[in-house]
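Overview (structure and organization)
Residue strings, one per chain:
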Amino acid sequence: MQTQPDHEYLNTQANQGQEPMNNKAPFLDLDSSGDALEDGRVTNLSFQRMMDLSFFVFNLIGTGLTVITLELIHYDQEREARKVMLWVIFISNLILMGIVVVRNAAKLKWRESKGDMYSGFSIEPLETSLEILIIAASPLPFLDDYSFQFENDFVEGEVYYYANELLCLTLAFRVIFFIRTTLLNSYWHSNRTDRVCSLYASQADYMFTIKSLMRNQPFTVNYSAMILLIVVFGYCLRICESPLNRIDISSNDFSSYANSMWCVIVTSTTLGYGDYYTRTLLGRIVMSVVCILGNFVVSSMIVIITNESYLSTLENKVVILIDRLSLKKQMQQEAAMIITVFGRIYYAKKYYIQYLRHLDFSEEQFTEMNKKMKKYAMQLKLTTRKYVAARALGSQLEEINSGFNSLKENLKQTSQLQEDLIKANENLINKIDNK
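Only a predicted model underlies this, so the values are computations on that prediction, with no experimental measurement involved.

Rules and cut-offs
- Residues numbered from 1 in each chain as written.
- Predicted model: local features only at pLDDT ≥ 70, side-chain atom pairs only at ≥ 80, totals over all residues.
- Heavy atoms only, no water.
- Helix = DSSP H or I, 4+ residues; strand = E, 2+ residues; numbered from the N terminus.
- Buried < 20%, exposed > 50% of the residue type's maximum accessible area, 1.4 Å probe, protein only.
- Contact = heavy atoms within 4.5 Å.
- Areas by Shrake-Rupley, 256 points an atom, 1.4 Å probe, with all protein chains shown as cover.
- Axes fitted to C-alpha atoms, helices over the stretch in contact; angles between N-to-C directions.
- Parallel < 35°, antiparallel > 145°, perpendicular 65-115°, else oblique.
- Nonpolar A, V, L, I, M, F, W, Y, C, P; charged D, E, K, R; others polar.
- Core = buried A, V, L, I, M, F, W, Y, C linked by side-chain atoms within 4.5 Å.
- Patch = residues over 30% accessible without salt bridge, like charges linked within 9 Å, V, L, I, M, F, W, Y side chains within 5 Å.
- Salt bridge = Lys/Arg side-chain N within 4 Å of Asp/Glu carboxyl O.
- UniProt positions renumbered as here; feature names shortened; annotations may be inferred.
- Arc of directions from axis to C-beta.
- 1 Å grid on protein atoms, 1.4 Å probe; cavity = no way out; pocket = protein on both sides within 12 Å on 5 of 7 lines; lining within 4 Å.
- Points joined across faces, edges and corners; volume = space filled by probe spheres on them.
- Polar contact = N/O pair within 3.5 Å; in protein donor to acceptor, adjacent residues only side chain to side chain.
- Phe/Tyr/Trp six-rings, centres within 6.5 Å; stacked < 30°, edge-to-face > 60°.
- Lys NZ or Arg CZ within 6 Å of the ring centre and 35° of its normal.

Section: the overall build of the protein chain
Scanning the protein chain from terminus to terminus reveals 15 helices and two strands. Per-residue burial for the protein chain yields a buried fraction of 32% across its 435 residues. The contacts in the protein chain between residues at least 6 apart in sequence include a share of 70% that link residues at least 24 apart. As displayed, the protein chain has an accessible area near 29,100 Å², and 61% of this comes from carbon and sulfur atoms.

Next comes the structure, spelled out in structure tokens:
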């Protein structure tokens, strides 16, 4: 038997095939069509990962060569090799700037495809400008012979900074790029995270990723922050104090990287032994930042240790149960000691009366055993009270859990009843419409 086609359904399908694609494509959908990518409304995930990896590689090259160049500048060695490295740094920075522009343009298109762009001020151009400025403020081959003199009251002689030496301080800001790459490739920064955050009216940004990592790996995040603080600011402190180290290293020898890191450690933990201290304006500015950030890191470590020391609900149950078993065993031991002492006193008195003091057992020993029995009896009384209290606490927790379980069951029953009522109403409406 051949059925007639549903004309309304066929018309609907035809209209759907002809109407333009007005709906937004899903966020970073790998299965999206090429048209969506040509419209610029979807940023392909693999492209974004490739750009992040390229940015990381060139940033790592520039950072590593800058650290090597700083050593050559500090000791004024290998001028020809230093020139070559400065040109390599310059070229890698140009490539890095191009990656920043392409990467942020793709991010801007992605935000437009999501409908997140609003009229008015946009932070993307400012973010791009700041990244380019940080990258551009690196040691340059054109400034290799330039230096800046300044006065200092601690030493006598010509005190100066090399221009490229000061530009090496921007590596402290480049560390932020490495942190950003780590956050972008973490489990908490993905397509799934963005979709789930959209469902719950949350923003899947870097701060959300940091909060998630702090919640799941608090010690790892805090220790990593402390290590970065020591390494990065120890490096900056060594640069800031280098003009004085070139003249006098008899005291406050910051030419040693170990001494610089030691000064950061004792300052960030608010110890301040005073064996090493800064003597330049830039060095004091760096140490001021270390004091502020160190307080945040140390205080957050105290909070993490405090939170981790709390027992969870299940752990609390285990502790109460083990405590009850321990108290029960202690009660048995104390009761056994009381019975033992009482038996010794009983048999001693019995033999003392039968053998008319022929037993070598003095009155002082009787008194001492009576005191022991009273002591064990008092301990047994206290242990019994602790056991009763622990048992009552366990009963309260069990009552609370049973109350929650019964409440959960009542909610299920209420939900089922609500569904039944909805179905009954739908059936009643259908009957009325049929009539």
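We are not done yet, so read on.
What to know about the packing of helix α7 (residues 171-184) against helix α9 (residues 206-216)
Where α7 meets α9, the axes come as close as 10 Å, and the angle between the chain directions of the two elements is 75°. By the angle between their directions, the pair α7 and α9 is classed as roughly perpendicular. Facing α7, whose interface residues are R180, L183 and L184, α9 presents Y206, T209, I210 and L213. When its residues are assigned to classes, the contact of α7 with α9 shows five nonpolar, one polar and one charged.

Things to note about the nonpolar core
Among the nonpolar cores identified, the biggest contains 23 residues, and F233, Y235, C236, L237, I239 and V286 are the most heavily contacted of them. Every element with two or more residues in this core is listed here: α7, α10 (218-240), α12 (257-268) and α13 (281-308). Per-element accounting of this core gives the leading share, 10 residues, to α10. If we ignore the near neighbours within four places in the chain, the residues touching C236 are L169, A172 and V286.

Section: a nonpolar patch on the surface
Nonpolar side chains collect at one region of the surface, where L53, F56, V57, L60, I61, V84 and V88 lie side by side and expose about 570 Å² of accessible area between them. Elements represented by at least two residues in the nonpolar patch include exactly α3 (45-75) and α4 (79-114). Residue placement: V84 occurs in helix α4.

Notes on the environment of D323
Structurally, the position occupied by D323 is in helix α14 (residues 313-354). Distance from D323 to A390, taken between C-alpha atoms, is 7.5 Å for residues 67 residues apart in sequence.

Notes on the UniProt feature "transmembrane region" (unreviewed entry) in the protein chain
In the UniProt entry, the feature "transmembrane region" (unreviewed entry) is given for residues 53-73, 85-106, 219-237, 257-274 and 281-305. Along residues 219-237, the helical share is 100% and the strand share 0%, with 26 Å between the first and last C-alpha atoms. Here residues 257-274 is 67% helix and 0% strand, with 17 Å between the C-alpha atoms at its ends.

Details of α9
Those residues of α9 that sit buried are T209, S212 and L213. In a view along the axis of α9, the buried residues occupy a sector of 95°, so they form one face of it. Summarising the geometry of α9, the exposed residues directed more than 90 degrees from the buried face are K211 and R215. For α9, the elements touching its buried residues are α7 and α10.

Topic: the layout of surface pockets
Computed from the structure, the largest pocket encloses a volume of approximately 1,400 Å³. Lining the largest pocket are 35 residues; nearest its centre among them are I176, I179, I210, A225 and L228. At the level of secondary structure, the elements contributing two or more residues to the lining of the largest pocket comprise α5 (123-136), α7, α9, α10 and α13. Residue composition of the lining of the largest pocket, by class: 25 nonpolar, seven polar and three charged.

Some words on the side chain of N164
Positionally, N164 belongs in helix α6 (residues 163-167). A polar atom in the side chain of N164 sits 2.9 Å from the backbone nitrogen of L140. The contacts of N164, once residues within four sequence positions are left out, are I73, L86, P139, L140, L143 and D144.

Overview of the packing of aromatic side chains
Tallied over the full model, the rule gives 11 aromatic pairs. The interplanar angle of 75° and the centroid separation of 5.3 Å between the aromatic rings of F55 and F177 together place this pair among those described as edge-to-face. Of this pair, F55 sits in helix α3 while F177 sits in helix α7, and the two are 122 residues apart along the sequence. Exposure class is identical for F55 and F177. Each is buried. Ring-pair connections join several aromatic residues into one group, and the members of that group are W87, F90 and F142. Here the basic side chain of R180 rests over the ring of F55, its NZ or CZ set 5.0 Å away from the ring centre.

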